[in-house]
Amino acid sequence: MPSNHHENLIEIDHVSFAYGKELILKDISFAVHRGDYLGIVGPNGGGKTTLLKIILGLLTPAAGHVQLFGSPSHQFKQRSKLGYVPQNATAVERSFPATVEEVVAMGRYARVGLLRRLQATDRTVITRSLEQVGMADYQQRLIGDLSGGQQQRVFMARALAAEPEILILDEPTVGVDVHHQEQFYELLRELNTTLNLTLVLVTHDLDVVAKETTELACINQTVTYHGTPAEFVNSPQMEAIYGSTMQRVAHHHSQTIV
Amino acid sequence: MTNLFEYSFIIRGLEAGIIVALIAPLIGIFLVLRRYSLMADTLAHTSLVGIALGLLTGMSPLVAAVLTATASSIVIERLRYSRRIYGESALALFLSGSLAIAIVLINVGNGLKANLFSYLFGSIVTVQQSDLTVIAILGIIVVAGLVGFYKELVYISFDEESAQVSGIPTRWINQLLIILAAVTIAIAIPIVGILLISALIVIPVVTALQLKKSFKLTLLWAELFSVTAVVLGIIAAFYLQISAGAAIILVALGFFISVFLFKGRS
């Protein structure tokens with residue numbers, strides 16, 4: 001489904017951010033439209049994660065504004081419209097006593113509200129989310145007993161359980177083997193095309209971005225490129241930023257894009 | 001053999017003990033999973049300041065302990081949140097600082113020493129009917145708070161960042177947990193004593209975690225270990241003429257060692 005460029009779900013307007021005296025982001029502006037599949041790439045330390053945290057409301061920009069669904073980020077209350085899939089490696093505690101079902105249920109909590117219990121409809125959404133990611137058979141397994149790829153699917157299901165309109169993913173396939181990575185991106189493609197779910201994917205994996213996404217923003221303190229992935233891989237900016245150490249070199253299995 | 005239920009102080013001790021045994025794992029599971037076990041020890045030491053103040057001024061030491069532990073918990077959480085010092089350092093400051101203040105207060109009020117001993121090591125014989133009322137009321141408040149915000153506490157313990165992104169007010173729920181921990185610790189003092197409280201909060205939970213169950217079942221097992229340890233500990237203390245606090249912790253430790261060895265073999 002084509003994206004609707006008239007509806008801005010996320011609008012980043014001249015955003016800057018610094019840790020102490022170190023400038024991380026400088027004058028970042030771009031928008032995410034409904035139906036977009038945006039890849040955010042850039043070198044390590046270029047500010048991708050910081051930008052993501054600003055979008056999510058975890059950090060406040062030093063200058064500039066972020067608008068979510070048309071309202072200023074700090075006033076935005078319908079947080080469940082924003083699904084978040086964190087980096088796998090940092091998120092899971094192997095010994096944490098929670099079943100897959102308990103983890104996915106967390107996705108409903110903010111929607112259900114304080115002091116309220118999950119209802120039958122919430123249970124239905126939880127099961128459906130698990131089915132969407134192909135993990136319905138694992139409901140009663142402990143999260144720590146699953147492989148990295150399976151855990152990542154559970155986190156996807158947790159984000160989907162909130163019935164979001166945008167899904168924001170931070171390096172979702174770090175530590176996931178190649179076969180399961182491909183399955184994972186297939187799932188994302190399907191969510192984007194069949195459900196028209198807007199996706200924002202932060203990754204250092206240029207191959208994935210070139211193959212999967214419809215839009216690309218390259219962040220290295222400033223927005224060094226914003227447009228289609230196809231143009232980016234042929235642009236001088238890519239060579240300038242990634243040079244010869246480009247990520248795709250590591251992927252012997254996949255097709256070369258250039 | 002004497003029947004221990006003929007003694008009203010044992011009945012009161014058991015009643016207070018069971019209340020404390022029920023709420024300790026509820027607090028403990030969240031503290032343990034968030035790597036916050038040292039918080040229990042720290043709040044116990046800040047309670048000692050309240051005990052000393054209570055003994056000096058004639059105020060109920062139990063109520064004074066609840067007040068100082070709660071006040072400290074608020075300051076500790078603010079310090080941690082400000083990120084000007086490490087969370088762990090904040091705990092160390094309060095742990096040693098409050099012990100120093102308590103010692104000075106004890107020095108000032110000569111003759112507190114004898115009384116103080118029972119607070120350090122616990123003494124169920126000193127539990128008065130009025131204490132039991134305070135323990136029951138505060139126990140109900142702690143349970144209500146934890147049950148009311150159970151699902152948010154679970155989410156924050158598992159993945160605080162995602163919980164915050166999803167719109168859960170993580171900051172004040174964290175604060176609530178620490179305040180309820182402070183209250184729990186203060187009312188546990190008469191049962192196990194300041195020096196052993198963190199063991200009662202931590203050991204049953206750590207034992208239940210070895211069983212590798214869902215969150216709900218882990219909590220239920222922790223409750224079972226905790227209540228059994230307290231009841232058996234108090235009974236053993238009565239017949240063997242030993243300290244109840246120490247007996248409770250030894251039973252809890254016995255459960256842990258058994259479960260740990262059993263799970264290690266299978």
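What counts, and where the lines are drawn
- Residues numbered from 1 in each chain as written.
- Chains lettered and ligands numbered in written order.
- Predicted model: local features only at pLDDT ≥ 70, side-chain atom pairs only at ≥ 80, totals over all residues.
- Helix = DSSP H or I, 4+ residues; strand = E, 2+ residues; numbered from the N terminus.
- Rg over C-alpha atoms; globule rule 2.2 N^0.38 Å.
- Buried ≥ 20, exposed ≤ 12 C-beta atoms within 10 Å, placed from the backbone.
- Contact = placed C-beta atoms within 7 Å.
- Nonpolar A, V, L, I, M, F, W, Y, C, P; charged D, E, K, R; others polar.
- Pairing = 2+ DSSP bridges.
- Axes fitted to C-alpha atoms, helices over the stretch in contact; angles between N-to-C directions.
- Core = buried A, V, L, I, M, F, W, Y, C linked by C-beta atoms within 7 Å.
- Left-handed = near helix turned anticlockwise from the far one by under 90°.
- pLDDT = per-residue confidence, 0-100.
- Expected span 1.5 Å × (residues − 1).
- Parallel < 35°, antiparallel > 145°, perpendicular 65-115°, else oblique.

All right, on to the overall build of chain B then. Each helix and strand in chain B was counted, giving 12 helices and zero strands. Along chain B, helices and strands appear, N-terminal first, in the series α-α-α-α-α-α-α-α-α-α-α-α. In terms of overall dimensions, chain B is globule-like: its C-alpha atoms have a radius of gyration of 18 Å, near the 18 Å expected for 266 residues. By residue count, 50% of the 266 residues in chain B fall in the buried class.

Bringing the overall build of chain A into the picture now. Scanning chain A from N- to C-terminus turns up nine helices and 10 strands. Evaluated residue by residue, chain A yields a buried proportion of 43% over its 258 residues. If you take every contact in chain A between residues at least 6 apart in sequence, the share linking residues at least 24 apart comes to 71%.

What follows concerns the interface of chain B and chain A. On the side of chain A, 22 residues touch chain B, which itself brings 21 residues to the contact. Among the elements of the structure, helix H7 (150-158), helix H8 (160-165) and helix H11 (215-240) of chain B are those that each provide at least two residues to the side of chain B that touches chain A. Its residues assigned to classes, the side of chain B that touches chain A comprises eight nonpolar, seven polar and six charged.

Residues and elements named next belong to chain A. The six strands are arranged E6-E7-E8-E3-E9-E10 in an open sheet whose pairing can be described as mixed. Taken across any chain shown, the strands that pair with only one partner, and hence form the sheet edges, are strand E6 (82-85) and strand E10 (222-227). Averaged over all pairs of adjacent strands, the angle between strand axes in this sheet comes to 15°, irrespective of strand direction. In terms of strand pairing, strand E7 (residues 166-170) meets strand E8 (residues 198-202) through five bridges, oriented parallel. Of the residues in E8, the one forming a bridge with Leu167 is Leu199.

Among the nonpolar cores identified, the biggest contains 161 residues, and Ala181, Ile197 and Leu200 of chain B are the most heavily contacted of them. Setting aside anything within four residues of it in sequence, one finds Ile197 of chain B in contact with Ala40, Ala44, Ile185, Ala188, Ile189 and Val192 of chain B.

Turning to the environment of Met156 of chain A, a few remarks are in order. Residue and element names in this part refer to chain A. Mapping Met156 onto the fold places it in helix H5 (residues 148-161). Look at Met156 and you get buried, because 27 C-beta atoms sit within 10 Å. When the C-alpha atoms of Met156 and Leu167 are compared, they prove to be 8.9 Å apart, with 11 residues separating the residues in sequence. What Met156 contacts, discounting residues up to four positions off in sequence, is Val85 and Val133.

Where helix H3 (residues 100-112) of chain A meets H7 of chain B, the axes come as close as 10 Å, and the angle between the chain directions of the two elements is 120°. In the packing of H3 of chain A onto H7 of chain B, the handedness of the crossing is left-handed. Where H3 of chain A abuts H7 of chain B, its residues Val103, Met106 and Tyr109 of chain A lie against Lys151, Glu152, Tyr155 and Phe158 of chain B.

Looking at chain A, the pLDDT average stands at 87 and 89% of residues meet or exceed 70. Within the model, the stretch residues 244-258 of chain A combines pLDDT values under 50 with 15 contacts to residues more than four positions away or in other chains.

Moving on, we get to helix H1 (residues 48-56) of chain A. Residues and elements named next belong to chain A. Summarising burial for H1: seven of the nine residues are buried, a large majority. Among the residues of H1, Lys48, Thr50, Leu51, Leu52, Ile54, Ile55 and Leu56 are the ones counted as buried. Just beyond H1, the residue with positive phi is Gly57, at close to 85°.

All names here are of chain A. Looking at the secondary structure, you find Arg117 in the loop between H3 and helix H4 (120-132). Under the C-beta neighbour-count criterion, Arg117 is labelled exposed, with 8 such atoms within 10 Å. For the pair formed by Arg117 and Gly42, sequence separation is 75 residues and the distance between their alpha carbons is 42 Å.

Residues and elements named next belong to chain A. Between the first and last C-alpha of H4 there are 18 Å, a value that for 13 residues agrees with the 18 Å anticipated at 1.5 Å per step. At its buried positions, H4 is contacted by H3 and H5. Looking at the residues trailing H4, positive phi occurs at Gly134, about 70°.

The subject of this paragraph is the pairing of E10 of chain A. All names here are of chain A. Both strand E9 (residues 215-220) and E10 contribute to a ladder of five bridges, which runs antiparallel. Its bridge partner lying in E10, Cys218 is registered against Tyr225. Count of turn residues in the E9/E10 antiparallel hairpin: one residue, of which Gln221 carries a positive phi of about 70°.

With that out of the way, let us pick up the environment of Asp159 of chain B. With respect to the helices and strands, Asp159 of chain B occurs in the loop between H7 and H8. On a C-alpha basis, the gap between Asp159 of chain B and Arg34 of chain B in space is 9.8 Å, while along the polypeptide they are 125 residues apart.

Before going further, it helps to spend a moment on unusual backbone geometry. Phi angles above zero are rare outside glycine, and Glu163 of chain A is one such case at about 50°. Along the chain, the position of Glu163 of chain A falls in the loop between H5 and E7. Given 15 C-beta atoms within 10 Å, Glu163 of chain A falls into the partly exposed group. Notably, Gln241 of chain B is not glycine yet its phi reads approximately 60°, a positive angle. Along the chain, the position of Gln241 of chain B falls in the loop between H11 and helix H12 (244-265). Judged by the 7 C-beta atoms lying within 10 Å of it, Gln241 of chain B falls in the exposed class.

In a packed pair of helices, the relevant descriptors are the angle between the two axes and the axis-to-axis distance. Residue and element names in this part refer to chain B. At their nearest, the axes of helix H1 (residues 8-33) and H11 sit 9 Å apart, and the two run at 150° to each other. Between H1 and H11, the interaxial angle falls into the category roughly antiparallel. The handedness of the crossing between H1 and H11 comes out as right-handed. Of H11, the residues touching H1 (which contributes Ile10, Gly13, Leu14, Gly17, Ile18, Ala21, Leu22, Ala24, Pro25, Gly28 and Ile29) are Thr218, Leu219, Ala222, Glu223, Ser226, Val227, Val230, Val231, Ile234 and Phe238.

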